[in-house]
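For reference, the chains in residue letters:
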Amino acid sequence: MLATLARQLGDLDAAEDAVQEAYVEAMRTWPRRGVPDNPGAWITTTARNRAVDRVRRESRREAKEKAAITNPEPGGPPDPPDPPIDAADPEPADDQLRLIFTCCHPALAPPAQVALTLRLVCGLQTVEIARAFLQPEATVAQRLVRAKAKIRTAAIPFRVPPAHLLPERLPPVLACIYLVFSEGYAATAGDELVRRELCDEGIRLGRLVVELMPDEPEARGLLALMLLQDCRRDARVSPGGDLVLLEDQDRSRWDYDRVAEGTAELERALRRLRPGPYQLQAAIAGLHATAASWADTDWPQIAALYAELARVAPSPVVELNRAVAVAFTEGPAMGLEVVDAVADDPRLARTHLLPATRADLLRRLGRQNEAADAYRAALALARTGPERSFLQRRLDEVAST
Amino acid sequence: MRYLALLGGDEAAGPAPGTPEFDTMMEGYMRFGEAAADAIVGGEALQEAATATTIRHGDAEPLVTAGPYAETVEALGGLYVLDADTLDDAIELARQIPAALDGWVSLRPMVEWFDQGSQASGTADAPRYVAFIYGKETEGDQPDTPAWDEGLAAHRRFMDAVGDAVQAGGAVHPIATATTVQVRDGDVIVSDGPFAESAEVVGGFYVLRASDRDTAVAVASQIPAEAIELRPIMEVGG
């Protein structure tokens, strides 16, 4: 409802205020009069009426101010006619798409894009966004205020960009959606409900973009990627909260509806013959999701896809993933060569990924002392609890042999 | 609405006046001037940063030093005032400015802009300068606040005091509303904020006419701001 109101009013703050007022009104009246049959519709209608009231108040004030200058007689001009009230209720999806493109405008910094999208498109509270990103609430609030001020002051348009701008405007939208999803998926710390919500919101936004831009294969590739990762969600954490590696996961706990849907979306995307990073990553996730076991995984194909991904979107993290696939195709020694080739990349200096990958390959090579050193190096850099306890377990294993 | 487009780049890497490369660059600006004629409300090319004079106001007399406000590799080279409905329209214009190809264009929404142009008679042939307002951003840089209104009144008094010396001027919204536009290998790179390695203009700028540098410094010293960078204009075209 926020997106539609924002479009009608041309003002995000006013729309947000109106929705807020509608909720306050609901809290005031529902306990006395009972919850209406359709609470969602009630809120939307109330918010819209509030917004219209506000517009009328504002324009009346403006008219009065104008009258005070041009027309010394009291009374002034008659009130402007009421703006039409749209009776249709559900928020049109294209308004939400406009709102996403506004929130993810490249003139806004990526952290602001994500916070704005979660606040305005997904309707998360500031405190929930802060919790999800492990940031102080005041920081997130400040970021939102500044971003909204910039949208208004710099006149960032509320629209889906024209076709010729899409190649440069769609990537930040997709990156933002994937960040929403990954933030819920990757870390296991924090509020589980909020994280679940982030994954679901990421997938919902992915579906929305695909529905409205069906000819964009990377948008569909992103949806496929999220579905093919999300299918493993429940199996990747043990009942005790420990991280369970893909290798050790109980594949019967995977969500095969997600797998089927993700695979179908990926096939539709690939049919357009315009591959890109999201489609490649989805293809890799798809090979994992459809393998009967870790040993049965099509490692040569995965290694080839990572090589292609490294070509279109070079990154040392992709190389580390490729190293694992190479290790299972050509042996751990070959994998180690791939790792060592990116060992000096400064972009890897602050993450545990490099020593953790090295450690695993050394362990598989039976070089236990070197593996133990690498696990220690990884432990010094790992941040989340589940990652640390996993590395500690592995260190204990190799140190005791 | 109006956007101030600040043009910058690495002076040392750019072509020197008098070289064929410089002429090619200037032709690029001419082409932009023709293509965007309807949207260009104002524009000035600046002489190199080494010709700048900086005036700092403290508790005592204004401190006048040779050189730009901040010694950065990425120096300001010029400005346009653009008329555009939305930021996307302004970005569309900015991407065509030659500075976007090897340097950067920083877009700042303007609070106001005026150009007295030919009305500023009497000193029409005098050299012209741009006086940029620098310093720490304060509450007074936020429009629609009492501090802003106070600042505005001080600027009006300055303009009344110096009269014809002011040809044009503009005030911009706070730095947080800036957007940087660059074009690399044909791709437009849009990012939040001013260009990171430059000192960003804070409040706005004036275009001044003065018979010589000392007179210009005397006028610019009266601008109510923490610091002023005075840059001689490179008169091109007309």
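Conventions we followed
Residues numbered from 1 in each chain as written. Chains lettered and ligands numbered in written order. Predicted model: local features only at pLDDT ≥ 70, side-chain atom pairs only at ≥ 80, totals over all residues. Helix = DSSP H or I, 4+ residues; strand = E, 2+ residues; numbered from the N terminus. Buried ≥ 20, exposed ≤ 12 C-beta atoms within 10 Å, placed from the backbone. Contact = placed C-beta atoms within 7 Å. Rg over C-alpha atoms; globule rule 2.2 N^0.38 Å. Expected span 1.5 Å × (residues − 1). Arc of directions from axis to C-beta. Core = buried A, V, L, I, M, F, W, Y, C linked by C-beta atoms within 7 Å. pLDDT = per-residue confidence, 0-100. Pairing = 2+ DSSP bridges. Axes fitted to C-alpha atoms, helices over the stretch in contact; angles between N-to-C directions. Parallel < 35°, antiparallel > 145°, perpendicular 65-115°, else oblique. Left-handed = near helix turned anticlockwise from the far one by under 90°. Nonpolar A, V, L, I, M, F, W, Y, C, P; charged D, E, K, R; others polar.

(A) Inspection of the overall build of chain A at higher detail. When you go through chain A residue by residue, the secondary structure sums to 18 helices and 0 strands. Relative to its full complement of 401 residues, chain A shows a buried share of 40%. In chain A, 60% of the contacts between residues at least 6 apart in sequence involve partners at least 24 apart.

(B) Local environment of the overall build of chain B. Helix and strand content of chain B: 5 helices and 12 strands. Relative to the 2.2 N^0.38 estimate, which gives 18 Å for 238 residues, the radius of gyration of chain B is 17 Å and therefore close to what a compact globule would have. Its C-alpha atoms give chain B principal-axis dimensions of roughly 50 × 40 × 35 Å. Counting across all 238 residues of chain B, residues that qualify as buried make up 41%. Considering only intrachain contacts with a sequence separation of at least 6, the fraction spanning at least 24 residues in chain B is 82%.

(C) Quick peek at unusual backbone geometry. A positive phi angle, near 60°, is found at A:Leu273, a position not held by glycine. Within the secondary structure, A:Leu273 sits in the loop between helix H11 (256-270) and helix H12 (277-290). The exposed category is assigned to A:Leu273, around which 7 C-beta atoms lie within 10 Å. Residues other than glycine seldom take positive phi values, yet B:Asp185 does so here, at roughly 50°. Locating B:Asp185 in the fold gives a position in the loop between strand S9 (179-184) and strand S10 (187-192).

(D) Representation of the interface of chain B and chain A. Between chain B and chain A, the contact holds 14 residues from the first and 12 residues from the second. Listed by contribution, the elements that provide at least two residues to the side of chain B that touches chain A are helix H2 (87-94) and S10 of chain B.

(E) Representation of helix H7 (residues 137-153) of chain A. All names here are of chain A. Here H7 is 17 residues long and its end C-alpha atoms lie 24 Å apart, about the 24 Å a rise of 1.5 Å per residue gives. Every buried residue belonging to H7 is among Val-140, Arg-143, Ala-147, Lys-148, Lys-150 and Ile-151, and all of these are buried. When H7 is viewed along its axis, its buried side chains cluster within an angular range of 155° and face the same direction. Looking one or two residues past H7, Ala-155 carries a phi angle of roughly 60°, positive in sign.

(F) Fine view of the nonpolar core. Membership of the largest hydrophobic core comes to 166 residues, with the highest contact counts inside it found for B:Ala5, B:Ala131, B:Leu208 and B:Ile228. For B:Ala131, the residues in contact, after removing those within four places along its chain, are B:Phe205, B:Tyr206, B:Leu208, B:Ala220, B:Ile223, B:Ile228 and B:Leu230.

(G) Focus on the confidence of the model for chain B. Residues and elements named next belong to chain B. Averaged over every residue, the pLDDT of chain B is 91; residues scoring 70 or more account for 96%. Looking across chain B, the model is least confident in helix H1 (residues 20-35), with a mean pLDDT of 93, and most confident in H2, with 97. Scored as a complex, the prediction yields pTM 0.77 and ipTM 0.88.

(H) Structural view of the pairing of strand S2 (residues 40-46) of chain B. All names here are of chain B. As paired strands, S2 and strand S5 (residues 74-83) are joined by 5 bridges and run antiparallel to one another. Looking across to S5, one finds that Ala-45 is bridged to Gly-78. Here S2 runs beside strand S12 (residues 227-234); their pairing, made up of 2 bridges, is antiparallel. Across the sheet, residue Ala-45 finds its bridge partner in S12, namely Met-234.

(I) Representation of the environment of A:Gln249. Residue and element names in this part refer to chain A. With respect to the helices, strands and loops of the structure, Gln-249 is situated in the loop between helix H10 (217-230) and H11. Once the C-alpha coordinates of Gln-249 and Ser-238 are considered, the two residues, 11 residues apart in sequence, prove to be 9.1 Å apart. Once residues lying within four places of it in the same chain are set aside, the contact partners of Gln-249 are Arg-232, Ala-235, Arg-236 and Val-244.

(J) The environment of A:Val244, seen in detail. Residues and elements named next belong to chain A. Topologically, Val-244 is positioned in the loop between H10 and H11. The class for Val-244 is partly exposed, based on 16 C-beta atoms found within 10 Å. Taking the C-alpha atoms as reference, Val-244 lies 8.4 Å from Phe-390; in sequence the two are 146 residues apart.

(K) The arrangement of the confidence of the model for chain A in detail. Looking at chain A as a whole, its pLDDT mean stands at 84, while 82% of the residues score no less than 70. This model gives residues 60-90 of chain A a pLDDT under 50, and the stretch forms 17 contacts once residues within four places in sequence are excluded.

(L) Up close: the pairing of S10(B). All names here are of chain B. Bridge analysis of S9 against S10 gives 6 bridges, and the strand direction is antiparallel. Paired with Thr-179 across the bridge in S10 is Asp-192. Where S9 folds back on S10, the antiparallel hairpin that results is connected by 2 residues, among which Asp-185 adopts a positive phi of roughly 50°.

(M) Up close: the environment of A:Pro332. Structurally, the position occupied by A:Pro332 is in helix H15 (residues 332-341). In contact with A:Pro332, not counting residues within four places along its chain, are A:Ala327, A:Leu361, A:Arg364 and A:Leu365.

(N) Layout of the packing of helix H8 (residues 166-185) of chain A against helix H9 (residues 192-212) of chain A. Residue and element names in this part refer to chain A. Interhelical geometry of H8 versus H9 gives an angle of 155° and a closest axis separation of 6 Å. Judged by the angle between their axes, H8 and H9 are roughly antiparallel. At the point where H8 passes H9, the crossing takes the left-handed sense. Residue-level inspection shows Val-173, Ile-177, Tyr-178, Val-180, Phe-181, Glu-183, Gly-184 and Tyr-185 of H8 in contact with H9, the latter providing Arg-195, Arg-196, Leu-198, Cys-199, Glu-201, Gly-202, Ile-203, Leu-205, Gly-206 and Val-209. Taken together, the residues that form the contact of H8 with H9 break down as 11 nonpolar, 3 polar and 4 charged.

(O) Seen up close, helix H4 (residues 146-162) of chain B. Taking 1.5 Å per residue as the helical rise, H4(B) with its 17 residues ought to reach 24 Å, and the 25 Å between its terminal C-alpha atoms agrees with that figure. A positive backbone phi angle near 55° is found at B:Gly163, which sits one or two residues after H4(B).

(P) Fine view of the packing of helix H16 (residues 353-364) of chain A against helix H17 (residues 368-381) of chain A. All names here are of chain A. Where H16 meets H17, the axes come as close as 8 Å, and the angle between the chain directions of the two elements is 160°. When the axis of H16 is compared with that of H17, the two are roughly antiparallel. The interaxial crossing formed by H16 with H17 has left-handed handedness. On H17, the residues touching Pro-355, Ala-356, Arg-358, Ala-359, Leu-362 and Arg-363 of H16 are Gln-368, Glu-370, Ala-371, Ala-374, Tyr-375, Ala-377, Ala-378 and Leu-381. In terms of residue class, the contact of H16 with H17 is built from 10 nonpolar, 1 polar and 3 charged.

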